[in-house]
Every structure is written in structure tokens, then in C-alpha cells.
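Descriptive structure summary
Below are the chains, spelled out letter by letter.
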Amino acid sequence: KRYIEENSKAFPSPNIRNLYPFDYIIMLNKTISDLDIEMLASFFNWDLNSSHLKYLKIFVTHIHPNIIPFTTNYTHNAYIDIFLRQSKHSPHLLFAILAISARFEVYKIEQHPNLPNYKEKLNYHRTFRTYYLSSCLKSLESVLHSKQTTLNNIESLLLTIQVLASDFSGHKGSQWRTHLHGAKD
């Protein structure tokens, strides 16, 4: 009986009046601030109003939690740290990150065809997506031209593959699954 009394002090009964439901997204949204965005802009030498920065913020706040779902902080975690450090010196990775973020915006807009300026907004994000994807592929071509260059960039290449695979497999109407079955056979 004494053992139970002593151990129950370590686990006091909760005060029902102070209990609030835990909301993961609300908690996660509190982990990014304007200062974090300013630091990202500074890290990449981008203007705060840059489209690139807006897309990078989308990657940080919407895309990466889908790839690594149990993150506890948007900007201060090992996953984002690795992606940001690698993308600073690997244009193929940076362009892949920005491309998947532009596709995310396209998808969001497609869900609301009654939005004001629907077609203009859709075209805006599709244009950036096309630019980022073509830039990513051109950059990949320059890295994959020799075995040594490929080996020197293996980490950024693997991260780029992860982003592009996530992007293409998540796209409605994607033939990715069929492609994987063909590759397996």
C-alpha cells in the first residue's frame, strides 16, 4: 500500500478543467515564425517576397510532414536541416523541392474552381512547376554525366529521387505504380 501511495505522487490525477485536446497541426504550426522565414531567405540569399521562398515555405510546412510524418518542428529538425543544406549546393534538389511545392499549390487551387482568378492562379503555379522541373532535369543531367560526379553528389541525388518519387507518385493519374511494376518485372 505504501508503494502505491509513493508512486501515485509521481502521476497525479489530471485536473479536468485544464485538459485540452491535443492538436498536432496546431502545435506544429507554432514551430515556425517570421524569423524562421527570414533565416531561410537569408540562407538562400532570396528576397522575402520571392516566389522561391513562398514555395520553400510550402515544402517545409506541407510537403515534408507527408514524407516524414512524425516531425515535431517544421524548421528545427534533422530532416529539414539535411534537405536545406544539401539543396543550397545542389540545384537539382532545390528545383525538385520547389517543383513539388508548386504542384501542391496547383492541386490546392484545382480543388476550388470558383476561386477568383482561378485560371490565372493555376497557370501561375503550373508555369513555375514547369520551370522548376525542367531546371531540375537539366541540373541532374550535368551531375549524372560521369560516375565520379554522380558519386560525389550521391546524397543530394538520393534526396532528389525521394522528392521526385513523392511528387510523381502523389499526382492524380500518375503511372508511377505501373512503372514500378514494370521495373520489378
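Before reading on, note that the structure itself is shown above.
Residues numbered from 1 in each chain as written. Predicted model: local features only at pLDDT ≥ 70, side-chain atom pairs only at ≥ 80, totals over all residues. Heavy atoms only, no water.

Time to look at helix α6 (residues 91-110). Its 20 residues place the ends of α6 28 Å apart at the C-alpha level, agreeing with the 28 Å of an ideal helix rising 1.5 Å per residue. With 16 of 20 residues buried, α6 lies mostly within the body of the structure. (Helix = DSSP H or I, 4+ residues; strand = E, 2+ residues; numbered from the N terminus. Expected span 1.5 Å × (residues − 1). Buried < 20%, exposed > 50% of the residue type's maximum accessible area, 1.4 Å probe, protein only.)

Attention now moves to unusual backbone geometry. Positive phi, close to 55°, is recorded for N45, a residue that is not glycine. On the basis of relative accessibility, which here comes to 67%, the residue N45 falls in the exposed class. Despite not being glycine, N117 shows a phi value in the positive range, around 60°. Take N117: it is sitting in the loop between α6 and α7 (118-143).

On to the packing of aromatic side chains, then. Overall, the coordinates contain 11 aromatic pairs when judged by the stated rule. When the ring of Y55 is compared with that of Y132, the centres are 5.7 Å apart and the planes differ by 90°; the resulting orientation is edge-to-face. Of this pair, Y55 sits in helix α4 (residues 51-67) while Y132 sits in helix α7, placing them 77 residues apart in sequence. Relative accessible area serves as the criterion here: at 2%, Y55 is assigned to the buried category. The class for Y132 is buried, based on a relative accessible area of 0%. Grouping aromatic residues by their ring pairs yields a cluster made of Y55, F95, Y124, F128, Y131 and Y132. In this structure, K88 packs its charged tip against the face of F43, placed 4.5 Å from the ring centre. (Phe/Tyr/Trp six-rings, centres within 6.5 Å; stacked < 30°, edge-to-face > 60°. Lys NZ or Arg CZ within 6 Å of the ring centre and 35° of its normal.)

Another aspect to go through is the nonpolar core. By size, the foremost hydrophobic cluster in this structure holds 39 residues, and its most contacted members are L56, F59, F83 and V163. Mapped onto this core, the elements with two or more residues apiece are α3 (34-44), α4, α5 (78-89), α6, α7 and α9 (154-169). When residues of this core are assigned to their parent elements, the largest contribution, 10 residues, is made by α6. For F83, the residues in contact, after removing those within four places along its chain, are F59, L93, I97, L159, Q162 and V163. (Core = buried A, V, L, I, M, F, W, Y, C linked by side-chain atoms within 4.5 Å. Contact = heavy atoms within 4.5 Å.)

This model, assessed by the stated rule, comprises 5 salt bridges. Notably, a salt bridge pairs R85 with D81, separated by 2.9 Å at the nearest N-O pair. Here the residue R85 and the residue D81 both occupy positions in helix α5, the gap between them amounting to 4 residues, near one helical turn. Between R129 and D167 there is a salt bridge whose closest N-O contact spans 2.7 Å. Note that R129 is positioned in helix α7 and D167 in helix α9, a separation of 38 residues in sequence. One salt-bridge network, in which partners are shared between bridges, spans R103, R129 and D167. (Salt bridge = Lys/Arg side-chain N within 4 Å of Asp/Glu carboxyl O.)

This part covers α5. For α5, with 12 residues, the first-to-last C-alpha span of 17 Å sits near the 16 Å given by 1.5 Å per residue. All buried positions along α5 are accounted for by Y79, I80, F83, L84 and S87. Viewed end-on, α5 has its buried residues packed into an arc of 120°, placing them on one side of the element. Away from its buried face, by an angle of more than 90 degrees, α5 presents the exposed residues A78, R85 and H89. On its buried side, α5 packs onto α3, α4, α6 and α9. Structurally, the start of α5 carries an N-cap: the backbone nitrogen of Y79 is 3.0 Å from a side-chain oxygen of N77. (Arc of directions from axis to C-beta. Polar contact = N/O pair within 3.5 Å; in protein donor to acceptor, adjacent residues only side chain to side chain.)

Coordinates in, geometry out; function isn't part of it.
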